[in-house]
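# Summary of structural features
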Amino acid sequence: MNEALYVFLDESGNLDFSVSGTRFFALTGVSMRRPFRLNETLDSYKYDLLEQGVEQEYFHCSEDNPRVRGHVFDIISNGLAGIHVDSVIVEKSKTEPALRADGRFYPQMLGHLLGDLLARSSHPDTDEVIIITDSLPVQKRRRAVEKAIKVTLANMLPEGTRYRIAHHDSRSHYGLQIADYCCWAVFRKHERGDETAYNRINSAIRTESDIFRDGTRRYY
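Residues numbered from 1 in each chain as written. Predicted model: local features only at pLDDT ≥ 70, side-chain atom pairs only at ≥ 80, totals over all residues. Heavy atoms only, no water.

## Things to note about the overall build of the protein chain
For clarity, the cut-off: Working definition: helices are DSSP H or I runs of at least four residues, strands are E runs of at least two. Numbering for both runs from the N terminus. Put simply, the radius of gyration uses C-alpha atoms, and a globule should come to 2.2 Å times the residue count raised to 0.38.
Scanning the protein chain from terminus to terminus reveals 7 helices and 6 strands. For the protein chain, the α and β elements follow one another from N to C terminus as β-β-α-α-β-α-β-α-α-β-α-α-β. A compact globule built from 220 residues should have a C-alpha radius of gyration of about 17 Å, and the protein chain, at 17 Å, falls within 12% of that. Overall, the protein chain is about 55 × 50 × 30 Å in size when its C-alpha atoms are taken along their principal axes.

## A closer look at the packing of aromatic side chains
Put simply, the rule reads: Working definition: rings of Phe, Tyr and Trp (its six-membered ring) pair if their centres are within 6.5 Å, and the pair is stacked with planes under 30 degrees apart, edge-to-face with planes over 60 apart, and tilted otherwise. When a residue's accessible area, from a 1.4 Å probe over protein chains only, is under 20% of the maximum for its type it is buried; when over 50% it is exposed; and in between it is partly exposed. Geometrically, a lysine NZ or arginine CZ counts as sitting over a ring once it is within 6 Å of the ring centre and also within 35 degrees of the ring normal.
Applying the stated rule across the entire model yields 9 aromatic pairs. Ring plane angle 65° and centroid distance 4.9 Å describe the contact between Phe 73 and Tyr 181, whose orientation is recorded as edge-to-face. One end of the pair, Phe 73, is in helix H2 (residues 66-77); the other, Tyr 181, is in helix H6 (residues 174-192), and 108 residues separate them in sequence. Accessibility classification places Phe 73 together with Tyr 181 in one group, the buried group. What links up through ring pairs into an aromatic cluster is the set Phe 17, Phe 25, Phe 105 and Tyr 106. Across the ring face of Phe 17, the terminal group of Lys 92 is positioned such that the distance to the ring centre comes to 5.7 Å.

## Description of the side chain of Asp 86
Rules: The definition of a polar contact used here is a pair of N or O atoms within 3.5 Å, where within protein one atom must be able to donate a hydrogen and the other to accept one, and adjacent residues in sequence count solely through side-chain atom pairs. Here, two residues are considered to be in contact whenever any of their heavy atoms come within 4.5 Å of each other.
Within the secondary structure layout, Asp 86 lies in strand E3 (residues 84-91). Note on Asp 86: relative accessible area 0%, which makes it buried. At 2.7 Å, the side chain of Asp 86 forms a polar contact with the side chain of Arg 206. Ignoring any residue separated from it by four or fewer positions in sequence, one finds Asp 86 in contact with Leu 27, Thr 28, Gly 29, Ser 31, Leu 113, Leu 117, Arg 206 and Thr 207.

Written out as structure tokens, the structure reads:
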């Protein structure tokens, strides 16, 4: 039976290349196939919180209180079977000035992420790839994002494999909320040297590409 590969995308850090911006920028893709086994557990926890007087409409790692964040990481870390996490990390100060333009930087980094991800996600029964991004971060660069995804998919997917791109509010998919948590953990490891959350999801991390670390990758 053919099946779809779902890829949920998230980002951490900002695109401010001045000294006031974040040191790193991270893009993360979380790949999974149905059934989405964590959905029921996360949904149940949301109702547990409601019964405790906490109105948790959805989970957002940087905004959730430490108790909620810790429990969500408990849920994710206990349900990582079948989930793969791929990340691209950029130390922004090493980025060539010509690449820093929003219309170039983001699409190229996204293309690199998807290239790594798809190269490791081949499956003979996959007949469709569905990529879902959070609608809010990509509103201003939607065309560039879609172009980068389409070019990468056209080059990487076997002939006849369909693909779709959707921009949905993160509240609408637990997959996007899981990607948010995983991206936050990877970003925090690099930005602050804090591996506490990272170690909770480490077994699912398939690639973690520090773009400019070895000095061999150059973009123009």
